[in-house]
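Structural overview for review
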Amino acid sequence: MTAAPAPLLAARGLSVRYRDAQALASLDLTVTASEVVGLIGPDGAGKTSALRVLAGLMEANGGQVTAFGEPVWQRRRVLHHRLGYLAQRFALYGDLTVDENVQFFALLYGVRRWREKRDELLHRVGLAPFRRRLAEHLSGGMKQKLALACTLIHDPEVLILDEPTTGVDPVTRRELWRLLGELVAEGLALLVATPYLDEAARCSRVLLLYAGRVLAEGHPAALAKLLPGRVVRVEGGERAAVAAALAGRPAIRDVAVFGAAVHARLETTAADAAAEVAAALAAAGLHGLEVREIAPSLEDTFLYLTARRTGAPSPEAA
Amino acid sequence: MMRRTLAVAVKEVLQLRRDWRTALALVGMPVVLLLIYGFALSFDVRHVRLAVVDADGSRAAREVERAFVHSGYFDLVHRGEDSRIVDSLLDSGRAQAALVIPAGHAAALAASRPSAVQLVLDGSDAQTAATVLAYARQIVAAVSPPPRRPPSAGSAAARPLVWYNPDLASSRFLVPGLVAFILMVTTVIATALAVVREKERGSWESLRATPLGALELLAGKTLPYLVLAAAAAAGALLLAHVLFQVPLRGSPLWLALVTLLFLLGGLGWGVFLSTLADTQQVAFQAALFTTMLPTLLLSGFIFPISSMPPLIQAITHLVPARYFLIALRGIVLKGTGPEVWGADMIGLAVFAVAVLALATVRTVRSL
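Reading guide: rules and limits
- Residues numbered from 1 in each chain as written.
- Chains lettered and ligands numbered in written order.
- Predicted model: local features only at pLDDT ≥ 70, side-chain atom pairs only at ≥ 80, totals over all residues.
- Heavy atoms only, no water.
- Contact = heavy atoms within 4.5 Å.
- Buried area = accessible area lost by both parts, 1.4 Å probe.
- Salt bridge = Lys/Arg side-chain N within 4 Å of Asp/Glu carboxyl O.
- Helix = DSSP H or I, 4+ residues; strand = E, 2+ residues; numbered from the N terminus.
- Pairing = 2+ DSSP bridges.
- Axes fitted to C-alpha atoms, helices over the stretch in contact; angles between N-to-C directions.
- Domains from an automatic or database assignment.
- Polar contact = N/O pair within 3.5 Å; in protein donor to acceptor, adjacent residues only side chain to side chain.
- Nonpolar A, V, L, I, M, F, W, Y, C, P; charged D, E, K, R; others polar.
- pLDDT = per-residue confidence, 0-100.
- Phe/Tyr/Trp six-rings, centres within 6.5 Å; stacked < 30°, edge-to-face > 60°.
- Buried < 20%, exposed > 50% of the residue type's maximum accessible area, 1.4 Å probe, protein only.
- Lys NZ or Arg CZ within 6 Å of the ring centre and 35° of its normal.

Overview of the interface of chain B and chain A
Between chain B and chain A, the contact holds 26 residues from the first and 27 residues from the second. For the pairing of chain B and chain A, the buried interface totals around 2,400 Å² over both sides, and the portion due to carbon and sulfur atoms is 55%. Among the residues of chain B in contact with chain A, Arg18(B), Glu205(B) and Pro211(B) are the three that bury the most area, contributing 23% of the side total. Here chain B is connected to chain A by 3 salt bridges. With a shortest N-O distance of 2.6 Å, Glu100(A) and Arg18(B) are connected by a salt bridge. Secondary structure elements with two or more residues in the side of chain B that touches chain A: α1 (2-18), α8 (194-201) and α9 (203-208) of chain B. A per-element tally of the side of chain B that touches chain A places α1(B) first, with 10 residues.

Written out as structure tokens, the structure is:
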């Protein structure tokens, strides 16, 4: 790699403390041009605190945070012209129409030729037919699209999104990501927090955040490979019984329930991981289950890493 | 600066237009309140229930009685000759005052001797009793023949001459105070919800991500309400003039300027409370608590500031209605100019600037 491009957003040693809790401890993070950086982690991991500091909404308790090379908090009034921030909760005016909401933000940012810009954006997010509707009468997904239009009206260079698809139906979720993909192709950089690991797979880089610390960072596919050992997936049968049958075996390191299936992690040295698991199930009198070895997913890695951090034997182990 | 202030003002107007009932209440409420309370609020005492005990039965006694009844202040509720009934009349409240003319009244007058006419008053309402006593003294003095003895040389006599309000109608004094009271309460309530509403609804979070500054936000939020409050003030002052005979002897321009400063102070105080409160409910209660009683009791609206203890007098300097009332009464009743109440106008300006600055400082920290 030659000289790295200057990051658009950069945090070094970022820490945030609330009265009774440490939300973030020494976070390092960068976002460079046309990157899609994902922050994943459970509720309370510190995702929102990180985003709010980087977007210039709150001051960090420690560390250096810059956007376009300038300190974010001190220069926030200027930097807000180049940053976009989409809050987790609907934060627009329910008693204004779709048009009026966009207009308000266009005027606040001093956008030139904002009428054309607004028409184009509303058309693009699919709200053109609802322009005269009050925002409070929009569905959850449409509210989110309107919020996105309001944060894009001033052509930001980096868009910071806090769980943009939480509480949004699957169709709208897909539409929002298609739209974000288009914007990234046009040169926008994204920093997005999400609790959904399938969305994290769309990122070019992911930070696994847990209890205010970064557990791992990298390309989603590379992160999945961080998991030591091999993963065997068992489908069918009583999940609790399956998990109990696998838990005692020396070759099996941890067991986790994944939806309708159970994942077992084995040592890399195991000759035939699937056979090992099948034998364990047979010994417990469990037959007719689908057992196959799979490539570790991001979720396997995430659960493994967080379980190791908390010292629990295995998350969700029955 | 101007552009973003305007953006906020336009947004507030759009929201007010949609919430037109609130806008209408802000403009109409002062006029309605003035209409209701303007008639109720009066220190003028009329229709005092009077019992007359005439133990003399002479023409002179009836003359005294007639003078009371014809004065217009009294309603005759009982007429008799036995003074023992006075107790029960006053106890039961059927009469508020009893006039007792003793036997031998006419004879005493004929002999050029003084005759004492007794007036028994229900003193449980001291304010009314004092006023009735003053009326009674005037009436009795009017019917008494002038003293024969010429006043001894060199004695002083007070000859009252009342300026600005010659018939001492209390409405001319009270209605301007009522206007100030109503405007203070409505302006503070108008803006008290302005900032905290954004926090409660979550739109604050969106505003923080924009280049909007604290002063721009507060100015944009205050401007539309200043226009509404000015309309309300104009309506209330016009009503006071037309319906309650409050004159306008001074300059309408000074009146407008002083009123605008007062309104700005009220709106600013509302905005300041709004930046302190966490919920709209708290902001609303704080608005009522900090305006109603202070404006009623500590502004000189009803009770003269000069007769308060020094500590309370000092506190009245924090009540903007105090300054407004001095200037307002000066302009409308006396026709005086800023050479008289200039310091009070400056007091209003200082209050407005101070509360808006405090609100801005509070907002800079959280925006």
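That shown, we press on.
Some details on the sheet that holds strand β4 (residues 118-121) of chain B
Residues and elements named next belong to chain B. An order of β2-β1-β3-β4 is seen for the 4 strands of this open sheet, with the pairing classed as mixed. Edge strands, defined here as strands with exactly one partner in the open sheet, are β2 (74-80) and β4. If you compare each strand with its neighbour and ignore which way they point, the axes differ by 25 degrees on average. Relative to β2, strand β1 (residues 48-54) runs parallel, the two being bridged by 6 bridges. Directly across from Arg49, in β2, lies its bridge partner Asp75. In the packing of helix α3 (residues 59-70) onto the sheet, contacts are made with β1, β2, β3 (97-101) and β4, and the angle to β2 comes to roughly 150 degrees. Running at roughly 165 degrees to β4, helix α6 (residues 126-143) makes contact with β1, β2 and β4 of the sheet.

Description of the domain arrangement of chain A
Residues and elements named next belong to chain A. Here chain A is partitioned into domain 1 (9-219) and domain 2 (225-310). A straight line from the C-alpha centre of domain 1 to that of domain 2 covers 37 Å. Tallying the contact residues gives 11 residues for domain 1 and 8 residues for domain 2. A combined buried area of about 870 Å² lies between domain 1 and domain 2, and 87% of that area is made up of carbon and sulfur atoms. In this structure, the connection of domain 1 to domain 2 is made through 0 residue pairs in polar contact (both at pLDDT 80 or more). Elements with a contribution of two residues or more to the side of domain 1 that touches domain 2: α7 (197-200), β9 (205-210) and β10 (213-218). A class-by-class count of the residues in the side of domain 1 that touches domain 2 yields 9 nonpolar, 1 polar and 1 charged.

A short note on the confidence of the model for chain B
Taken residue by residue, chain B gives an average pLDDT of 89. The fraction at 70 or more is 96%. Mean pLDDT values for the elements of chain B range from 84 in α6(B) up to 96 in helix α11 (residues 252-276) of chain B.

Let's talk about the packing of aromatic side chains
Taken as a whole and assessed by the stated rule, the structure comprises 10 aromatic pairs over all chains. Judged by centre distance (5.2 Å) and plane angle (65 degrees), the rings of Phe104(A) and Phe105(A) are edge-to-face. The exposure classification of Phe104(A) matches that of Phe105(A), with both residues buried. Aromatic pair Trp269(B) and Phe351(B): ring centres 6.3 Å apart, planes at 40 degrees, arrangement tilted. You can see Trp269(B) sitting in helix α11 and its partner Phe351(B) sitting in helix α15 (residues 338-366), a full 82 residues away along the chain. Following the ring pairs from residue to residue traces out a cluster consisting of Tyr93(A), Phe104(A) and Phe105(A). Sitting over the ring of Trp73(A), Arg76(A) keeps its end group 3.8 Å from the ring centre.

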